[in-house]
Amino acid sequence: MPIFEYKCDKCGYEFEKLIFGNTKVACPECGAENVKKKLSVFGMSGVENQTSSGCSSCSSGSCSSCK
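What you are looking at is a predicted structure, and each value in this text was computed from that prediction instead of being measured.

### Details of the pairing of strand S1 (residues 3–8)
Pairing geometry for S1 and strand S2 (residues 14–18), over five bridges, is antiparallel. Looking at S2, one finds that glutamate 5 is bridged to glutamate 16. What sits between the antiparallel neighbours S1 and S2 is a turn of five residues, in which glycine 12 has the positive phi angle 85°. Pairing analysis gives three bridges linking S1 to strand S3 (residues 35–37), with the strands arranged antiparallel. From the neighbouring strand, cysteine 8 faces S3, where its bridge partner is valine 35.

### Some details on the sheet that holds S1
Taken together, three strands build an open sheet; the order of strands is S2-S1-S3 and the sheet is antiparallel. Unpaired on one side and paired on the other, S2 and S3 mark the two borders of the sheet. The average undirected angle you get between the axes of adjacent strands in this sheet is 40°.

### Some remarks on the packing of aromatic side chains
Applying the stated criterion across every chain yields a total of three aromatic pairs. An angle of 20° between the planes, with centres 5.7 Å apart, marks the rings of tyrosine 6 and phenylalanine 15 as stacked. Comparing tyrosine 6 with phenylalanine 15 shows no difference in burial state: the two are buried. Between tyrosine 13 and phenylalanine 15 the ring centres are 6.1 Å apart and the planes differ by 15°, which places this aromatic pair in the stacked class. Note on tyrosine 13: relative accessible area 33%, which makes it partly exposed. What links up through ring pairs into an aromatic cluster is the set Phe4, Tyr6, Tyr13 and Phe15.

The rules behind each value
Residues numbered from 1 in each chain as written. Predicted model: local features only at pLDDT ≥ 70, side-chain atom pairs only at ≥ 80, totals over all residues. Heavy atoms only, no water. Pairing = 2+ DSSP bridges. Helix = DSSP H or I, 4+ residues; strand = E, 2+ residues; numbered from the N terminus. Axes fitted to C-alpha atoms, helices over the stretch in contact; angles between N-to-C directions. Phe/Tyr/Trp six-rings, centres within 6.5 Å; stacked < 30°, edge-to-face > 60°. Buried < 20%, exposed > 50% of the residue type's maximum accessible area, 1.4 Å probe, protein only.

Function cannot be inferred from these measures alone, as they are strictly geometric.
And the structure:
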């Protein structure tokens, strides 16, 4: 039962919806069924740049397990 993010093509309203199976999605603002699923960015905030030197999982400045 994933939660998806949508944007209504008719009124531009953005919303989230918990989906069960092949449930049809309609805009809660205007009722239109022409909505588009947005690209979800859940879990991406706080991701560090992996090209920096050093390792966050150990105290060593460089180790083979960090690559």
